[in-house]
Amino acid sequence: MTSGLAISSFMPSIVSSGIFSSRRADKGINAMSANNPFVGVMNFDIAAGQVTNAAKGVANIARESSNAVATGIVSAEEAIKNLSKTGKLMNGVSKVVNFTADHINPLIVATGAVKVACADDKAEAFSREALALGAMFGSEALAKRFIGMPKMEKDSITGKKVAVKREGWYKDSSFLTKQAEALKDYCATKKIFNKSLRFLPGALKGIGFVAASIGGYSLGLSAADYILEECKKS
C-alpha cells in the first residue's frame, strides 16, 4: 500500500513539474520557430529537467508501494540508470539532464539572459524579462510558504532528493485549516474508478503553485509593458 506521506510529499512536485515541462517545451518550439535555436535548446533542456523531476517523484512514491505497477516503475528507473552507464552519449545526456533537474531556476534565469542578448532592443527585453521573472519567483516563494509545499532537498549522504515538510501559512487560519483537513480526510476514504483520491490534496497544491507562478509572470510582464509605455510617453 502506498504511503500517504510519500504521496503528499512528492505529488505537488510531480504535478507542477509535469505542467511546467509542457509549457517550457512549447516555449522551446516557439523559440525555434522564431529562429532562435540557443533559447530553443535551453528551453528543451529545462523541459527535460522538469520531466526528470516529475519522474523522480513518481519513483519515490512507487518505492513506498508493493503493487506490480510500482515495482515496474522502480525497475524501469533502475534500467534507465544502468543504460546511461553503458554508453558515452547516454551518460553525457543523463548528466546534463540531471544537472538541469537540480538547477531549474538558475537555468531559467540563464535562458532569460540569452533571450535578452538575442533581442533587437536589449534594454526593453531586459526590463520585460527581469520584471516577469522577478514577479514569478516572488509569487512562487509566497505560494510555497502559503500552501506548505514540501521543500525538495538533496540528502548529503545518499545524494537523493528528499521532501522536507514545512507548515503552510494557511494553518494560521482555523477556517482554512479545517477545510484542508476535511478535504484530506474525504480523499483518504473515497475512490473514483476504483482508484484512491489520496493524491488529490497534493495535486491541488501543485496546481496552486503553477497558478501562482503563471500569474506572477503575467503580472510582471504587464507591469513591464505599463512602465515601458509610460517611459515612451515622457
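Residues numbered from 1 in each chain as written. Predicted model: local features only at pLDDT ≥ 70, side-chain atom pairs only at ≥ 80, totals over all residues. Heavy atoms only, no water.

Q: Just to check I follow, could you spell out the overall build of the protein for this structure?
A: When its secondary structure is counted, the protein shows eight helices and four strands. For the protein, the succession of helices and strands along the chain, N to C, is α-α-α-α-α-α-β-β-α-β-β-α. Going through the 234 residues of the protein one by one, you find that 31% of them count as buried. Considering only intrachain contacts with a sequence separation of at least 6, the fraction spanning at least 24 residues in the protein is 64%. For the protein, the exposed surface amounts to about 13900 Å²; the carbon and sulfur share of it is 64%. (Helix = DSSP H or I, 4+ residues; strand = E, 2+ residues; numbered from the N terminus. Buried < 20%, exposed > 50% of the residue type's maximum accessible area, 1.4 Å probe, protein only. Contact = heavy atoms within 4.5 Å. Areas by Shrake-Rupley, 256 points an atom, 1.4 Å probe, with all protein chains shown as cover.)

Q: Teacher, can you tell me more about the nonpolar core here?
A: Side chains that are nonpolar tend, in soluble globular proteins, to be buried together. Within the largest apolar cluster, eight residues are counted, these being Ile46, Ile104, Leu107, Ile108, Ala132, Leu133, Met136 and Tyr217. Within the residue set of this core, elements represented by two or more residues are helix H5 (104-117) and helix H6 (122-147). (Core = buried A, V, L, I, M, F, W, Y, C linked by side-chain atoms within 4.5 Å.)

Q: Sorry, what's going on with the packing of aromatic side chains here?
A: What describes a pair of aromatic rings is the distance from one ring centre to the other and the angle between the planes of the rings. Per the stated rule, a full pass over the model turns up one aromatic pair. The interplanar angle of 80 degrees and the centroid separation of 5.9 Å between the aromatic rings of Phe20 and Phe209 together place this pair among those described as edge-to-face. Linking Phe20 in helix H1 (residues 4-33) with Phe209 in helix H8 (residues 200-233), this pair joins segments that are 189 residues apart in sequence. The same class applies to Phe20 as to Phe209, namely buried. Directly above the ring of Tyr217 sits Lys27, whose terminal nitrogen or CZ lies 4.8 Å from the centroid. (Phe/Tyr/Trp six-rings, centres within 6.5 Å; stacked < 30°, edge-to-face > 60°. Lys NZ or Arg CZ within 6 Å of the ring centre and 35° of its normal.)

Q: What exactly am I supposed to notice about a nonpolar patch on the surface here?
A: A cluster of nonpolar residues, Leu142, Phe146, Trp169, Phe175 and Leu176, forms a patch on the protein surface that exposes about 510 Å² of accessible area. Taken together, the elements giving at least two residues each to the nonpolar patch come down to H6 and helix H7 (174-189). On the secondary structure map, Leu176 appears in helix H7. Leu176 sits in the partly exposed class, given a relative accessible area of 33%. (Patch = residues over 30% accessible without salt bridge, like charges linked within 9 Å, V, L, I, M, F, W, Y side chains within 5 Å. Salt bridge = Lys/Arg side-chain N within 4 Å of Asp/Glu carboxyl O.)

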